[in-house]
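Below are the chains, spelled out letter by letter.
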Amino acid sequence: EIEMGALLRTLQRCFSGKWLHYVKIIFNVIPVIAISLLAIWTYYVYVVQWVFYLLKDKRGRESTVLLIGFHWFGLLAVWSFYAAVANRPPSVAKRTLVLEGEAGDDDRYCAKCEAMKLPRAHHCSWCERCVPKMDHHCPWIGNCVGEHNYKYFYLMLTYTVIFCLFIGLSILFVSDDNSDAPHLPALMAIGLAMSFSVGILWTLHTYLLFTNKTTVEWGVKIASCSGVRIQLEIQLENLT
């Protein structure tokens, strides 16, 4: 989150106005396109090159199980990913009248949105709006994670871990050296590595879900326990 703030400040020094808006769109779209291309490559290597080879080798039972598992977990992961991308944070209507002293008396007033923040809302300068129950801005989906799409984000983590584990373990235990898929070892390594890395993030968000905390709230609590609360709040203030 703090790295996104540093990136935003760098872009603000280089671009302004309409150009900054377009550059943000590019930074939002590039990771989504990259993940989409990775999904297409995964389908080609796993299904077209490997499972079809198993069918030619008359290993129909194994091929059927692999095809069903790949498409079932894959579709769930892809659906939840694009749902998290597509559900944008709601815009807050600007207030045309602010009572004298209201903004100063209530720290929930956002001067940038010219509106009162909802409880647990934070202003995201990247999305240029206050996000209800904001968790963090995720560059991989080009979107803020908050009340509007947290369900899809958590499902995306869950299905991605299961899908990557399925790919990695199935290749590890079923493949042989006679396969016509030269990129199969690379796909297995990527699947196992992603299941581990995304699994760490899934574990964190499972804890946050059961304790009813957001990443922002958890980070402030950790910082206060370690004695660096003031520094973290300054960095968050620069971000928002």
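Each chain has its residues counted from 1, running along the sequence as written. Only residues with pLDDT of at least 70 get local features here, since the model is predicted, and only at 80 or more are side-chain atom pairs given and counted; chain-wide, interface and lining totals rely on the full set of residues. Hydrogens and water are ignored here; the side-chain numbers use all heavy atoms of the structure.

What should I look at first to understand the overall build of the protein chain in this one?
Note on conventions: DSSP H or I runs of at least 4 residues are helices, E runs of at least 2 residues are strands, and numbering of each starts at the N terminus. For the protein chain, the count of helices and strands is eight helices and six strands. Put simply, the protein chain runs from its N terminus to its C terminus through helices and strands in the order α-α-α-α-β-β-β-β-β-β-α-α-α-α. Three exposure classes are used, based on accessible area relative to the maximum for each residue type with a 1.4 Å probe and protein chains only: buried under 20%, partly exposed in between, and exposed over 50%. Looking at the protein chain residue by residue over its 240 residues, the buried ones come to 40%. Only heavy atoms matter for contacts: two residues are in contact if any of them lie within 4.5 Å across the pair. Contacts spanning at least 24 positions in sequence make up 59% of the contacts within the protein chain whose residues lie at least 6 apart. Areas reported here follow the Shrake-Rupley algorithm with a probe of radius 1.4 Å; residue values treat only the protein chains shown as occluding. Put simply, the protein chain shows about 14,000 Å² of open surface, and 66% of that area lies on carbon and sulfur atoms.

In this structure, what is going on with helix 3 (residues 60-86)? I would like to understand it.
Given 3.6 residues per helical turn, the α-helix brings residues three or four places apart onto the same face. With 27 residues, helix 3 should cover 39 Å at 1.5 Å per step; its first-to-last C-alpha distance of 38 Å lies within 8% of that length. Within helix 3, burial applies to Ser63, Leu66, Gly69, Phe70, Gly74, Ala77, Ser80, Phe81, Ala83, Ala84 and Val85. The span expected for a helix works out to 1.5 Å for each residue beyond the first.

What exactly am I supposed to notice about the nonpolar core here?
General note: in soluble globular proteins, nonpolar side chains tend to be found buried as a group. Only buried Ala, Val, Leu, Ile, Met, Phe, Trp, Tyr and Cys residues count toward a nonpolar core, and they belong to the same one when joined by side-chain atoms within 4.5 Å. Judged by nonpolar contacts, the single largest core of 18 residues is most densely connected at Tyr46, Trp50, Leu66, Phe70, Ile167 and Ile171. The biggest single contributor to this core is helix 2 (residues 17-56), with seven residues. Sequence-distant contacts of isoleucine 171, that is, excluding residues within four places in its chain, are made with Tyr46, Trp50, Leu184, Leu187 and Met188. Counting residues in hydrophobic clusters, the runner-up holds 16 residues, among them Ala83, Cys138, Val145 and Val198.

What is the right way to read the confidence of the model for the protein chain from this model?
A residue-level look at the protein chain finds 75% of positions with pLDDT of 70 or above and a mean pLDDT of 81. The predictor rates its confidence in each residue with pLDDT, a number between 0 and 100. Note on residues 94-105: pLDDT is under 50 here. Beyond four places in sequence and across chains, it has 11 contacts.

Can you help me understand the pattern of salt bridges in this one?
Think of it this way: side chains of opposite charge can pair up when their charged atoms draw near. By definition here, a salt bridge exists when the distance from a side-chain nitrogen of Lys or Arg to a carboxyl oxygen of Asp or Glu is within 4 Å. All told, the structure shown has one salt bridge when counted by the stated rule. Among the ionic pairs, arginine 120 bridges to glutamate 217, the shortest N-O distance being 2.8 Å. With arginine 120 in the loop between strand 2 (115-116) and strand 3 (122-124) and glutamate 217 in helix 7 (residues 215-226), the pair connects residues that are 97 residues apart, well separated along the chain. Accessibility expressed as a relative area gives 29% for arginine 120, which makes it partly exposed.

Looking at this structure, how should I read the packing of helix 5 (residues 150-174) against helix 6 (residues 184-211)?
The description of two helices packed together rests on the angle between their axes and the distance between the axes. Where helix 5 meets helix 6, the axes come as close as 7 Å, and the angle between the chain directions of the two elements is 145°. Of the two elements, helix 5 crosses helix 6, and the hand of that crossing is left-handed. Residues are grouped as follows: Ala, Val, Leu, Ile, Met, Phe, Trp, Tyr, Cys and Pro are nonpolar; Asp, Glu, Lys and Arg are charged; all remaining types, including Gly, are polar. Tallied by class, residues from the contact of helix 5 with helix 6 come to 20 nonpolar, eight polar and no charged. In this analysis an axis means a line fitted to C-alpha atoms, helices contributing only their contacting stretch, and an angle means the value between N-to-C directions, from 0 to 180 degrees. Crossings are classed by handedness, with left-handed meaning an anticlockwise turn of the near helix from the far one by less than a right angle and right-handed meaning a clockwise turn.

I'm lost on the environment of threonine 203 in this one. Help?
Within the secondary structure, threonine 203 sits in helix 6. Residues threonine 203 and threonine 158, spaced 45 residues apart in sequence, show a C-alpha to C-alpha distance of 9.5 Å.

It is not clear to me how the packing of helix 3 against helix 5 should be interpreted in this structure. Could you clarify?
Where helix 3 contacts helix 5, the two axes come as close as 8 Å, and the packing angle between them is 155°. In terms of axis orientation, helix 3 runs roughly antiparallel to helix 5. Handedness of the crossing formed by helix 3 with helix 5: left-handed. Grouping the constituent residues of the contact of helix 3 with helix 5 by class yields 20 nonpolar, five polar and one charged. Should an angle fall under 35 degrees it is taken as roughly parallel, and over 145 as roughly antiparallel, whereas 65 to 115 is taken as roughly perpendicular and any remaining angle as oblique.

Can you walk me through the packing of aromatic side chains in this structure?
Aromatic rings in a pair are described by how distant their centres are and how their planes are angled relative to each other. Whether two aromatic rings pair depends on their centres lying within 6.5 Å, for rings of Phe, Tyr and Trp, where Trp uses its six-membered ring; planes under 30 degrees apart make the pair stacked, over 60 edge-to-face, and the rest tilted. Per the counting criterion, the structure on display carries 10 aromatic pairs. Taken together, the ring pairs in this structure connect Tyr43, Tyr46, Trp50, Phe70, Phe73, Phe163 and Phe166 into an aromatic cluster.

Teacher, can you tell me more about unusual backbone geometry here?
What you tend to see is this: most non-glycine residues have negative phi, and most peptide bonds are trans. Even without a glycine there, the phi angle at lysine 133 is positive, about 50°. Judged by relative accessible area, which is 31%, lysine 133 ranks as partly exposed. Within the chain, asparagine 212 stands out as a residue other than glycine whose phi angle is a positive 55°. Its place among the elements puts asparagine 212 in the loop between helix 6 and helix 7. By relative accessible area, which is 47% here, asparagine 212 ends up partly exposed.

Explain the environment of isoleucine 162 to me, please; I cannot follow it from the model alone.
Here isoleucine 162 shows up in helix 5. Judged by relative accessible area, which is 34%, isoleucine 162 ranks as partly exposed. In sequence terms isoleucine 162 and phenylalanine 73 are 89 residues apart; their C-alpha atoms lie 7.1 Å from each other.

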